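# Architecture and fold: a report
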Amino acid sequence: SKGVMAPTVETPESVLVYVGLDLVGDGLIKLPFLRALRNAYPDARITWLAGKGKSVFAHALAPLAQGLIDEVVEEAEIGRHWTEVFSRPLRGTPLEGRRFDLIIDTQRRVGTTLLLRRVPHGHFVSGAADYTFSSLRPNDRRRKAPAMVRQLLDLVELASGRPADISGTLPADPRHDDLAAELLPGGRGYVGLAPGAGGKHKCWPLERFLELAETQLAAGRTPVILLGPEETDWAARVAQDLPAALLPLQSRAVEDSGPSPMLTIALARRLTLAVANDAGVGHMMAAANCPLVSLFGPTQPEKFAPLVAHARVVQAQSYGGEEMSLIPLSAVEDAVDELWDEVSPAEESGEPPVVLARAGGERRQLRGKAI
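Everything in this summary refers to the structure shown in the same document. Just so we're clear, the structure is a prediction, and the values are computed from it rather than from any experiment. (Residues numbered from 1 in each chain as written. Predicted model: local features only at pLDDT ≥ 70, side-chain atom pairs only at ≥ 80, totals over all residues. Heavy atoms only, no water.)

## Section: the packing of helix 5 (residues 174–183) against helix 9 (residues 261–268)
Put simply, the rule is: Note on definitions: angles span 0 to 180 degrees between N-to-C directions of axes, and those axes are lines fitted to C-alpha atoms, for helices only across the stretch in contact. Counting from the N terminus, the helices are DSSP H or I runs at least four residues long and the strands are E runs at least two residues long. Relative orientations are named as follows: roughly parallel for angles under 35 degrees, roughly antiparallel for angles over 145 degrees, roughly perpendicular for angles from 65 to 115 degrees, and oblique for any other angle. By convention the crossing between two helices is left-handed if the near helix lies anticlockwise of the far one by an angle smaller than a right angle, and right-handed if it lies clockwise. Between two residues, a contact is recorded if the distance between any of their heavy atoms is within 4.5 Å. All amino acids are sorted into three groups, where Ala, Val, Leu, Ile, Met, Phe, Trp, Tyr, Cys and Pro are nonpolar, Asp, Glu, Lys and Arg are charged, and the leftover types, Gly among them, are polar.
Their axes nearest at 8 Å, the elements helix 5 and helix 9 cross at an angle of 55 degrees. What the angle tells us is that helix 5 and helix 9 run oblique. The crossing of helix 5 and helix 9 is right-handed. Mapping the contact onto sequence places His176, Asp177, Leu179, Ala180 and Leu183 in helix 5 and Met262, Leu263, Ala266 and Leu267 in helix 9. In terms of residue class, the contact of helix 5 with helix 9 is built from seven nonpolar, one polar and one charged.

This is how it looks when you write it as structure tokens:
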């Protein structure tokens, strides 16, 4: 428990959350924060303010925000330029003239914080300048969690005075759930393998993924290769080298309807576990609470590891450097087998608390389950 220097916000009727903008990866990382905020304030009207651009919660990820966000306001022109300090915040937006019981500022640029603080409010929570402008402050004001999701959850805990509770289930998405059920029928032990990433330097070699898929087949499991739009040229090689593997995102049904992060999340809900590089698809797995082996090289798992109930992190640094190719196949195989053994009894006895996997095996326990 952090302790605070002012009373916590117990029952706000209105909450405003400021973000700069949300791309798909941003939105997926913020889902546990959204769930924790809703669990802390189940009756509040939550407004999501994208000050510098658009938010995927009004578009591609809108189904995931059902019941969590009541209102999304985009491109509010707050936080783009220092000259905004001379303007009236929220002028010309649907929020003009409104007051909020609680404002949560998720960014740390002081200029933006000062502008946002001028919006009429009861309480204002912000980590900018070591919480200098926040009406609620932790005892250790200079402590900053390395993980972005943990920083966001700290803001909820500070406001509510309670541990972050990220329990809950995904909202129903019948169209994608039905398609996922067709592509991955029930009754089979599926292991998802996602070899792509936003940059090739973050990719474990495709050859290793294919070798891993072969060992999964030998163990009686079905490998499901998840290739995004940037990796479609790998599909022919996967189909040739590993004909028993499934490529659901390259199916005719998906080609006809078009790819969607919501479909990937729906597929993840049908996997026993998955293996992914440090990439957006790993956070899609986490959105579905899919047990996950995360592979890291040049990036830091302390900052970017997805928040999921069952997790393993395998780092290239443990094997002499940052190059992903340094991660041996045996290390990933061992992590997969450990996770498989771990989740099999869990499926019968219920979900355990969520943990955020960290380097060196350290884990921080939270209340509840990943959404």
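## Some points on the packing of helix 9 against helix 10 (residues 280–287)
Between helix 9 and helix 10, whose axes approach to 8 Å, the crossing angle comes to 55 degrees. The pairing of helix 9 with helix 10 is recorded here as oblique in orientation. Helix-helix and strand crossings are classified by hand; for helix 9 and helix 10 the assignment is right-handed. Here Pro261, Thr264, Ile265 and Ala268 of helix 9 come into contact with helix 10, specifically with Val281, Met284, Met285 and Ala287. Across the contact of helix 9 with helix 10, the residue classes break down as seven nonpolar, one polar and no charged.

## Concerning the pattern of salt bridges
For the record, the criterion: Just to be clear on terms, a salt bridge is a Lys or Arg side-chain nitrogen sitting within 4 Å of an Asp or Glu carboxyl oxygen. When accessible area is computed with a 1.4 Å probe and restricted to protein chains, residues below 20% of their type maximum are described as buried, those above 50% as exposed, and intermediate ones as partly exposed.
According to the stated counting rule, one finds 15 salt bridges in the structure shown. Residues Arg99 and Asp101 are paired through a salt bridge, measuring 3.1 Å at the closest nitrogen-oxygen approach. A relative accessible area of 48% means that Arg99 is categorised as partly exposed. Residue Asp101 is classed as partly exposed on the basis of its relative accessible area of 23%.

## Side note on the sheet that holds strand 8 (residues 273–277)
Quick note on the threshold: A pair of strands is treated as paired once DSSP finds two or more bridges between them.
In spatial order, the strands read 7-6-8-9-10; together these five strands make up an open sheet with parallel pairing. The open sheet has two edge strands with one neighbour each: strand 7 (222–225) and strand 10 (311–315). For this sheet, the mean angle separating the axes of adjacent strands, direction not counted, is 20 degrees. Packing against the sheet, helix 6 (residues 206–218) makes contact with strand 6 (190–194), strand 7, strand 8 and strand 9 (292–296), and its axis sits at approximately 175 degrees to strand 6. Lying on the sheet, helix 10 is in contact with strand 6, strand 8 and strand 9; it crosses strand 8 at an angle near 155 degrees.

## A word on the nonpolar core
Filter applied, for reference: Throughout this description, the term nonpolar core refers to a set of buried Ala, Val, Leu, Ile, Met, Phe, Trp, Tyr and Cys residues connected via side-chain atoms within 4.5 Å.
Grouped together as the largest cluster of nonpolar side chains are 73 residues, with contacts concentrated most on Val17, Leu37, Tyr41, Ile265, Leu271 and Met285. For this core, the leading source of residues is helix 1 (residues 24–40), giving eight residues. If you look at the next biggest cluster of nonpolar residues, it comprises 32 residues, including Leu212, Leu227, Val293 and Ala331.

## Let's talk about the sheet that holds strand 2 (residues 45–50)
Read across the sheet, five strands follow the order 3-2-1-4-5 without closing on themselves; strand pairing throughout is parallel. Strands at the two margins of the open sheet, each flanked by one partner only, are strand 3 (71–73) and strand 5 (121–126). Along the sheet, successive strands turn relative to each other by an average axial angle of 20 degrees, direction set aside. Pairing of strand 2 with strand 3, which is carried by three bridges, proceeds in the parallel orientation. Note on strand 3: the bridge partner recorded for Trp48 is Val72.

## Digging into helix 4 (residues 148–160)
Selection criterion: Multiply 1.5 Å by the residue count of a helix minus one, and that product is the helix's expected span.
Look at helix 4: 19 Å from first C-alpha to last across 13 residues, which is about the 18 Å you get at 1.5 Å a residue. The element helix 4 is largely enclosed, with a buried count of 12 among its 13 residues. Residues of helix 4 that are buried include every one of Val149, Arg150, Gln151, Leu152, Leu153, Asp154, Leu155, Val156, Glu157, Leu158, Ala159 and Ser160, and no others. Once helix 4 finishes, Gly161 follows within two positions and takes phi at roughly 75 degrees, a positive value.

## Side note on the pairing of strand 1 (residues 14–19)
To be explicit about the condition: Handedness is read with the strands pointing away from the viewer; a crossover is right-handed when the path from the first strand over the helix to the second is clockwise.
With six of six residues buried, strand 1 is to be regarded as a mostly interior element. Alternating residues of strand 1 divide into Ser14, Leu16 and Tyr18 and Val15, Val17 and Val19, and every residue in both groups is buried. Examined bridge by bridge, strand 1 and strand 2 share six bridges and lie parallel to one another. For Tyr18, the partnering residue across the bridge sits in strand 2 and is Leu49. Each parallel crossover has a hand, and the one from strand 1 via helix 1 to strand 2 is right-handed. Sheet topology places strand 1 next to strand 4 (residues 100–105); four bridges connect them, and they run parallel. The residue bridging Leu16 from the neighbouring strand is Ile103, located in strand 4.

## A few points about helix 6
The following threshold applies: Directions are taken from the helix axis to each C-beta atom, and the arc is the one they span.
If you check helix 6, its first and last C-alpha atoms are 19 Å apart, about what 13 residues at 1.5 Å a residue would give, namely 18 Å. Among all positions of helix 6, only Leu206, Phe209, Leu210, Leu212, Ala213 and Gln216 are buried. Down the axis of helix 6, the sector holding all buried residues measures 160 degrees, keeping them to one side. Backbone geometry just downstream of helix 6 places Gly220 in the positive-phi region, at approximately 85 degrees.

## Remarks on the environment of Leu339
For Leu339, the location among the structural elements is in helix 12 (residues 329–349). Counting along the chain gives 47 residues from Leu339 to Leu292, while the straight-line C-alpha distance between them is 7.9 Å. Other than its neighbours up to four places away in sequence, Leu339 contacts Leu273, Pro291, Leu292, Val293, His310, Ala311 and Arg312.

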